[in-house]
2 protein chains.
Amino acid sequence: MEQQTEISQLGEFGLIDRLTKDMPKVNASTVKSVGDDAAIVEYPDSEVLVTTDMLLEGVHFDLTYMPLKHLGYKAAVVNFSDIYAMNGTPRQITVGLGVSARFTVEHLEALYSGIRLACEIYGVDLVGGDTTASRSGLVISITCIGDARKGEVVCRDGAKDTDLICVSGDLGAAYMGLQLLEREKTASAGQKDFVPKFEGKEYLVERQLKPEARKDIVAELAKEGILPTSMIDISDGLSSELLHICRASHTGCRIYEDRIPIDYQTAVMAEELGMNLVTAAMNGGEDYELLFTVPLHCHEKVDKMPGIKVIGHITKEDLGCAMITRDGNEIALKAQGFNHLA
Amino acid sequence: MEQQTEISQLGEFGLIDRLTKDMPKVNASTVKSVGDDAAIVEYPDSEVLVTTDMLLEGVHFDLTYMPLKHLGYKAAVVNFSDIYAMNGTPRQITVGLGVSARFTVEHLEALYSGIRLACEIYGVDLVGGDTTASRSGLVISITCIGDARKGEVVCRDGAKDTDLICVSGDLGAAYMGLQLLEREKTASAGQKDFVPKFEGKEYLVERQLKPEARKDIVAELAKEGILPTSMIDISDGLSSELLHICRASHTGCRIYEDRIPIDYQTAVMAEELGMNLVTAAMNGGEDYELLFTVPLHCHEKVDKMPGIKVIGHITKEDLGCAMITRDGNEIALKAQGFNHLA
């Protein structure tokens, strides 16, 4: 085992110095970073977007199978995802950490290395935070600031009757990855030198442990000159997110079961576990794909965009929200999603 | 006991709706508040300030004697304090909450009523957040966004040789309040109908349970045309904060024991507990007073400002940081402060 340093040896300020030293600054909007009562940023010509996500040990992550570096990466990326979902660009994050006594400086360095990597890849500056003791477990709260050109922010409430409903990537894989990791954790209990069986299912594990935010899709839409009428990221499951859009926009919707994008590995895993594949895709959380609506006249354009699937259309509000199954039945959508408070 | 509603009855989104309904919006910079992936704010002409603070049950607060409404108030105010310490004005907050199963909807409403009250009094908009389950206890992470006029942000690193060191209000009372609350908690153990003894010590209890941020001092300085050369809020104790300023500014300092402002109740309490009064004032945390430096030529002006005390002066770096005691000795300053990670 590597050398482990007690956090108390460094104290709060020594720890922050060590974790944030040589932190690069890539955005012009970042004026002053870590090291004062507050960070300073400047946004003279943009809409500024602000979002916060909190992750708690034992609720949102399990360190038995979630390496700290991956956790840091994921904690940052899920915040970036919220900014992309507004058609914005993430620029700065602040990181709040609550750390119990079992964590060492090296543990936090691993966590921060993941946060740094995410910042590097997505071009975001870490500008501040708060690190404190926790009575039990690890708590991570990240706030992300981003910007969008004036008039180009995309909210949830702009979907219109006849708009097309589009989704990026594929759904349900992160949820199946979680099931797989939980299964292997159970199988490993009490066994020394246990080797988990992930062969042929690497994609599922990666989707759960190292999700990406769809920066590429936002860029692609801009390149094609498409401004979605509404957009949201899929963190709680397609069903729940689609209901958010329809409720905020005062519309209904119809989506088609046979159009929901599902990866082969997701299907195999659902089969293995005897789970309903469509339920997993509709209600499994943490895909961090983008769900958005575009006007009907964009049909040809979105159809040609790689990694985008048109899964249905928006309707008038009184028609409600439903999925058309393969055999032609209508099933009302329900937000069964990923509700930690349920 | 009042009616208690399980959080699971509302779910995450129902809960957020209930807690944030009718939330007023007072700042022009708040464009879109709670209810999307991110909030939208606009700052065309200002420096934007961002700060985060995390409070954890059992580390930063004890619900035995901290009512939830006060806790909400304090959690918001300590963030505002960081923005004032940059010579800014707090405008928006996002609230991240981790909540264990023992908390009901009514508990969270009490917490939010405190946050709302603080927002009302300080003119801040609550624009977003994240509410989730916690495995143990309550976690509150608040991020505050504020603004300052261009060129008027005050950082820690601008203190210059011969500058005067000023402090607002009085010090050590919040720490003594904590000692008092802990004493009464111990005394009450196992006793029914215990009545804590706070008579004549109300100020100490209030300083601990309901601190205020020094909005008034920032306004007063502006009115007098004084732009401090450096500023910080005293959350970890005078000693620690003064060392932050001197380290960031590459200076030393001399402060005078007999000039440190201490309230009568603080002195009485220290006597009662047999604690060193100056140690409490120098190292006790959570006063949320402002510590700042001004050029020597402002002497007359700051001397006349009510609630401001000149406690010493900045020196060249090689003279180090020290306090001159009543009997004329020099004691080197140490950051013994309020370190939860020590």
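In this report, we go over the structure that sits alongside the text. (Residues numbered from 1 in each chain as written. Chains lettered and ligands numbered in written order. Predicted model: local features only at pLDDT ≥ 70, side-chain atom pairs only at ≥ 80, totals over all residues. Heavy atoms only, no water.)

**With respect to the overall build of chain A**
Convention followed: Helix numbering and strand numbering both begin at the N terminus, where a helix is a DSSP run of H or I of at least 4 residues and a strand a DSSP run of E of at least 2. Put simply, the radius of gyration uses C-alpha atoms, and a globule should come to 2.2 Å times the residue count raised to 0.38. Accessible area is worked out with a 1.4 Å probe on protein chains only. A residue is then buried under 20% of its type maximum, exposed over 50%, and partly exposed in between. In these tables, accessible area is a Shrake-Rupley quantity obtained with a 1.4 Å probe, and a residue counts as shielded only by the protein chains included in the view. Positive charges are assigned to Lys and Arg, negative charges to Asp and Glu, while His and the chain termini are left out of the count. To locate a charge, take NZ of a lysine, CZ of an arginine, CG of an aspartate or CD of a glutamate.
Summing up its helical and strand segments, chain A has 10 helices and 12 strands in all. At 21 Å, chain A has a C-alpha radius of gyration in line with the 20 Å of a compact globule built from 342 residues. With the C-alpha coordinates of chain A rotated into their principal frame, the extents come out at 65 × 55 × 35 Å. Relative to its 342 residues, chain A shows a buried fraction of 58%. On chain A, roughly 13,900 Å² of surface is accessible, and the fraction owed to carbon and sulfur atoms is 50%. Of the side chains in chain A, 33 bear a positive and 52 a negative charge, and the two mean positions are spaced by 1 Å.

**Thoughts on the side chain of Thr325(B)**
All names here are of chain B. The test is simple: Any N or O atom pair separated by 3.5 Å or less is treated as a polar contact, with the protein-specific requirement of one donor-capable and one acceptor-capable atom, and with residues adjacent in sequence counted only for side-chain atom pairs. In this analysis, two residues are considered to be in contact whenever any of their non-hydrogen atoms come within 4.5 Å of each other.
Within the element layout of this structure, Thr 325 appears in the loop between strand 11 (321-324) and strand 12 (330-332). You can call Thr 325 buried: its relative accessible area is 11%. Side-chain polar atoms of Thr 325 contact the side chain of Asp 327, separated by 2.4 Å. Other than its neighbours up to four places away in sequence, Thr 325 contacts Glu 257 and Ile 331.

**Considering the interface of chain A and chain B**
Rules: Note on definitions: buried area is the accessible-area loss of two parts on being combined, 1.4 Å probe, summed for both. A pairing counts as a salt bridge when a side-chain nitrogen of Lys or Arg comes within 4 Å of a carboxyl oxygen of Asp or Glu. Under this grouping Gly is polar, as are all residues other than the nonpolar Ala, Val, Leu, Ile, Met, Phe, Trp, Tyr, Cys and Pro and the charged Asp, Glu, Lys and Arg. At least two bridges found by DSSP between two strands is the condition for calling them paired.
At the interface, 70 residues of chain A touch 71 residues of chain B. Of the roughly 5,400 Å² buried at the junction of chain A and chain B (both faces included), carbon and sulfur atoms supply 55%. The interface formed by chain A and chain B includes nine salt bridges. The salt bridge partner of Asp36(B) is Arg156(A), with a shortest N-O separation of 3.4 Å. Viewed at the interface, chain B and chain A are joined by 22 residue pairs in polar contact (both at pLDDT 80 or more). It is strand 2 (residues 39-56) of chain A that provides the largest number of residues to the side of chain A that touches chain B, a total of 16 residues. Looking at the side of chain A that touches chain B residue by residue, the classes come out as 30 nonpolar, 22 polar and 18 charged. Relative to strand 2 (residues 39-56) of chain B, strand 2 of chain A is paired through seven bridges, and the arrangement is antiparallel. Within the sheet, the bridge partner assigned to Tyr43(A) lies in strand 2 of chain B and is Tyr43(B).

**What to know about empty space enclosed by the protein**
Operational definition: Here the term cavity refers to a set of points on a 1 Å grid, laid over the protein atoms alone, in which a 1.4 Å probe fits but cannot get out; the term pocket refers to an open set having protein on both sides within 12 Å along at least five of seven lines, with lining residues being those that place an atom within 4 Å of a point. Grid points are joined across faces, edges and corners, and a volume is the space filled by probe spheres set on the points.
Tallied over the full model, the rule gives one cavity of 30 Å³ or more. The calculated volume of the largest cavity comes to roughly 150 Å³. Taken together, 16 residues line the largest cavity, and the ones lying closest to its centre are Ser134(A), Ser136(A), Val139(A), Ser136(B) and Val139(B). Residues belonging to the lining of the largest cavity are distributed by class as follows: six nonpolar, six polar and four charged.

**Let's talk about the sheet that holds strand 12 of chain B**
All names here are of chain B. Our working rule: Fitting a line to C-alpha atoms yields each axis, with helices limited to the stretch in contact; the angle taken between N-to-C directions then spans 0 to 180 degrees.
The seven strands lie next to each other as 7-9-6-10-8-11-12, forming an open sheet whose pairing is mixed. The two strands at the open ends of the sheet, each matched to only one other strand, are strand 7 (230-233) and strand 12. On average, each strand axis in the sheet is tilted by 25 degrees relative to the strand beside it, whichever way the strands run. Pairing geometry for strand 8 (residues 251-256) and strand 10 (residues 308-316), over five bridges, is antiparallel. Bridging across to strand 10, Cys 253 finds its partner in Ile 314. Strands in contact with helix 6 (residues 215-223) are strand 6 (164-168), strand 9 (290-294) and strand 10; relative to strand 9, the strand with the most contacts, it is inclined by about 15 degrees. Contacts from helix 7 (residues 238-249) reach strand 6, strand 7, strand 8, strand 9, strand 10 and strand 11, with the element oriented near 150 degrees to strand 8.

**Some points on the state of the cysteines**
Structurally, a disulfide amounts to a covalent bond that connects the sulfur atoms of two cysteines. All names here are of chain A. So the rule is basically this: Disulfides are defined as pairs of cysteine sulfur atoms found within 2.5 Å of each other.
Enumeration over the complete set of coordinates arrives at zero disulfides over all chains. Between Cys 246, a free cysteine, and Cys 321, which holds the nearest cysteine sulfur, the sulfur-to-sulfur gap is 3.7 Å. Its relative accessible area of 2% is what places Cys 246 among the buried residues. With no disulfide of its own, Cys 298 has Cys 166 as its nearest cysteine by sulfur position, at a separation of 8.5 Å. With a relative accessible area of 7%, Cys 298 lands in the buried category.

**Structural notes on the relation of the copies chain A and chain B**
Convention followed: The copies were overlaid by least squares, fitting only the C-alpha atoms of residues that reach a pLDDT of 70 or more in each copy.
When chain A is brought onto chain B, the operation consists of a screw motion whose angular component is 180 degrees and whose axial shift is 0.0 Å, with 0.0 Å RMSD remaining. The two molecules are tied by a two-fold rotation axis, judged by turn and shift. Scanning chain A for the C-alpha nearest the rotation axis identifies Pro44(A), at a separation of 2.0 Å. Of the residues that chain A buries at the interface, 100% are likewise interface residues in chain B, meaning the two copies contact each other through the same surface.

**Some thoughts on the pattern of salt bridges**
Per the stated rule, a full pass over the model turns up 43 salt bridges over all chains. Note that Glu272(B) is salt-bridged to Lys201(B), the shortest N-O span being 2.8 Å. Taken as a pair, Glu272(B) in helix 8 (residues 264-273) and Lys201(B) in the loop between helix 4 (173-188) and helix 5 (202-209) lie far apart in primary sequence, 71 residues in all. Owing to a relative accessible area of 40%, Glu272(B) belongs among the partly exposed residues under this scheme. On the basis of relative accessibility, which here comes to 11%, the residue Lys201(B) falls in the buried class. A salt bridge links Arg214(B) to Asp216(B); the nearest nitrogen and oxygen atoms lie 2.9 Å apart. Beyond isolated ion pairs, a larger network of salt bridges with shared partners links Lys32(A), Asp36(A), Asp37(A), Arg156(B) and Asp157(B).

**Describing the pairing of strand 3 (residues 89-99) of chain B**
All names here are of chain B. By the criterion of burial, strand 3 is predominantly enclosed, with nine of the 11 residues buried. In this sheet, strand 5 (residues 139-149) lies alongside strand 3 in antiparallel orientation, the contact comprising nine bridges. Bridge assignment links Gly 98 to a residue of strand 5, and that residue is Val 139. Across eight bridges, strand 3 lies against strand 4 (residues 125-133) in parallel orientation. The residue bridging Gln 92 from the neighbouring strand is Asp 125, located in strand 4.

**Remarks on the packing of aromatic side chains**
All names here are of chain A. Basically, it comes down to this: Side-chain rings of Phe, Tyr and Trp (the six-membered ring for Trp) are treated as a pair once their centres are within 6.5 Å; stacked means planes under 30 degrees apart, edge-to-face means over 60, and tilted covers the remaining angles. A ring is considered to have a charge above it if a Lys NZ or an Arg CZ atom is located within 6 Å of its centre and within 35 degrees of its normal.
A complete count under the given rule lists four aromatic pairs over all chains for this structure. Arranged with centres 6.2 Å apart and planes meeting at 50 degrees, the rings of Tyr 84 and Tyr 122 form a pair that is tilted. Highlighted residues: Tyr 84 in helix 2 (residues 68-84) and Tyr 122 in helix 3 (residues 105-122), separated in sequence by 38 residues. Since its relative accessible area comes to 2%, Tyr 84 is described here as buried. Judged by relative accessible area, Tyr 122 falls into the buried class, the value being 5%. An aromatic cluster of at least three residues, connected via ring pairs, comprises Phe 80, Tyr 84 and Tyr 122. In this structure, Lys 210 is placed above the aromatic ring of Tyr 73, and the distance from its NZ or CZ to the ring centre is 4.3 Å.

**A word on unusual backbone geometry**
Most of the time, phi is negative for any residue but glycine, and the peptide bond is trans. Residues and elements named next belong to chain B. Its identity is not glycine, yet Thr 162 carries a phi of approximately 80 degrees, on the positive side. Its location among the elements puts Thr 162 in the loop between strand 5 and strand 6. In the Ramachandran plot, Tyr 288 falls in the positive-phi region, its phi being about 55 degrees despite a non-glycine side chain. Assignment of secondary structure puts Tyr 288 in the loop between helix 9 (277-283) and strand 9.

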